[in-house]
Amino acid sequence: MKFFAAALALAATVVSPVAAHYRWTSLIVNGTTTTAYQYVRQSTIYNSPVTDVSSSAFTCNQGATAASGIAWTKAGNPIGFALDQAIYHSGTLNAYMAKVPAGQTAATWNGAGNAWFKVGQITPKTNGGTSITFPTDNLTQYTFTVPSKLPDGDYLVRIEHIALHAASAFQGAQFYISCGQIHVFGGGSTLPSSYVSIPGVYNGHEPGIQINIYYPIPPTYTQPGPAVWS
Ligand SMILES: *[C@@H]1O[C@H](CO)[C@@H](O)[C@H](O)[C@H]1NC(C)=O
Ligand SMILES: *[C@@H]1O[C@H](CO)[C@@H](O)[C@H](O)[C@H]1NC(C)=O
Ligand SMILES: [Cu+2]
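Residues numbered from 1 in each chain as written. Chains lettered and ligands numbered in written order. Predicted model: local features only at pLDDT ≥ 70, side-chain atom pairs only at ≥ 80, totals over all residues. Heavy atoms only, no water.

When the UniProt feature table is mapped onto this chain numbering, "domain: Auxiliary Activity family 9 catalytic" (unreviewed entry) sits at residues 21-217. The straight-line gap between the two end C-alpha atoms of residues 21-217 is 26 Å; of that span, 2% is helix and 36% is strand. (UniProt positions renumbered as here; feature names shortened; annotations may be inferred. Helix = DSSP H or I, 4+ residues; strand = E, 2+ residues; numbered from the N terminus.)

Put into structure tokens, the structure is as follows:
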């Protein structure tokens, strides 16, 4: 009995982080954290990441269904995503936006096609091979600026935390993804000149995705995806 209790306790400690992965549940707009899934699409894999960068689930997470709301946010203002719990896997972070095509809304569009551009990132810090650190460790939210020159209209915003603790094998990196639904107002008239598709932006073999972060300690780190549009 004693042994069983100890074994169960051990199993519980080992299993519990897996059973409760961090999720991006809320948008932060006008400095306020909104209700979970009011503006963020809820997926059907609550506790598991996406590992196949070519799957349709890679756009907004598996089974993501439209949220009821579209958050109005002023161009040039900060916007963010909040997590239900702090990030506990070492990794890297990217934020993307895409303008919703004519005839659709941020609540109907699935994000398909060559439409995405990067608006923010947090990159691991290296120093030639003596150490690597992860500024996303323990993060509970991430905020970036909606580019002020973007035209008014509906957009999807997509955030991904890429957990790299088991990323030395192909498809070992874990993508924690959510999409938010926004409408930008007070903007300008400039869109980026180049875009990526999601899925399509990665093949999974990028040096910043298929990577052993432990040994040898990477001397440099190459952030996956395009440069942040500015
Ligand atoms: C943010 O503030 C603007 C006014 O500046 C308002 O129109 C908008 O609805 C607010 N957004 C949210 C999600 O509350
Ligand atoms: C994150 O939190 C853990 C547990 O509290 C702590 O050991 C670690 O030092 C923290 N890391 C950072 C970068 O703050
Ligand atoms: Cu995990």
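On we go.
Among covalent bonds in proteins, the disulfide is the one between the sulfur atoms of two cysteines. Taken as a whole and judged by the stated rule, the model has 1 disulfide. A disulfide bridge connects Cys 60 with Cys 179, and the sulfur atoms are separated by 2.1 Å. Residues Cys 60 and Cys 179 share a disulfide whose torsion about the S-S bond is about -85°; that sign makes it left-handed. Taken together, the positions of Cys 60 in helix α2 (residues 57-60) and Cys 179 in strand β11 (residues 174-185) put the pair 119 residues apart, joining distant regions of the chain. (Disulfide = S-S within 2.5 Å.)

In the vicinity of ligand 1, the contacting residues are Val 29, Asn 30, Tyr 39, Ala 71 and Trp 72. In the environment of ligand 1, an oxygen atom lies 2.3 Å from a nitrogen or oxygen atom belonging to the side chain of Asn 30. Trp 72 is positioned such that a nitrogen or oxygen atom in its backbone is 2.9 Å from a nitrogen atom of ligand 1. For ligand 1, whose unbound accessible area comes to 360 Å², protein coverage reaches 50%. Of the residues that constitute the shell around ligand 1, the class distribution is 4 nonpolar, 1 polar and no charged. (Near = heavy atom within 4 Å. Polar contact = N/O pair within 3.5 Å; in protein donor to acceptor, adjacent residues only side chain to side chain. Areas by Shrake-Rupley, 256 points an atom, 1.4 Å probe, with all protein chains shown as cover. Nonpolar A, V, L, I, M, F, W, Y, C, P; charged D, E, K, R; others polar.)

Turning our attention to empty space enclosed by the protein. Considering all chains together, one arrives at 1 cavity of 30 Å³ or more under this definition. Estimates place the volume of the largest cavity at around 130 Å³. Residue lining of the largest cavity: 17 residues in total, with Arg 23, Ser 43, Tyr 46, Asn 61 and Ile 177 positioned closest to the centre. The leading source of residues in the lining of the largest cavity is β11, at 3 residues. (1 Å grid on protein atoms, 1.4 Å probe; cavity = no way out; pocket = protein on both sides within 12 Å on 5 of 7 lines; lining within 4 Å. Points joined across faces, edges and corners; volume = space filled by probe spheres on them.)

This brings us to the coordination of the copper ion (ligand 3). For the copper ion (ligand 3), the full set of protein donor atoms is His 21 (NE2) and His 89 (NE2), and the range of their distances to it is 2.0 to 2.1 Å. Of this pair, His 21 sits in the loop between α1 (2-19) and β1 (24-29) while His 89 sits in the loop between β4 (78-83) and β5 (91-99), and the two are 68 residues apart along the sequence. With respect to class, His 21 is no different from His 89; both count as buried. (Donors = N, O, S within 2.8 Å, 3.2 Å for Na, K, Ca; no water. Buried < 20%, exposed > 50% of the residue type's maximum accessible area, 1.4 Å probe, protein only.)

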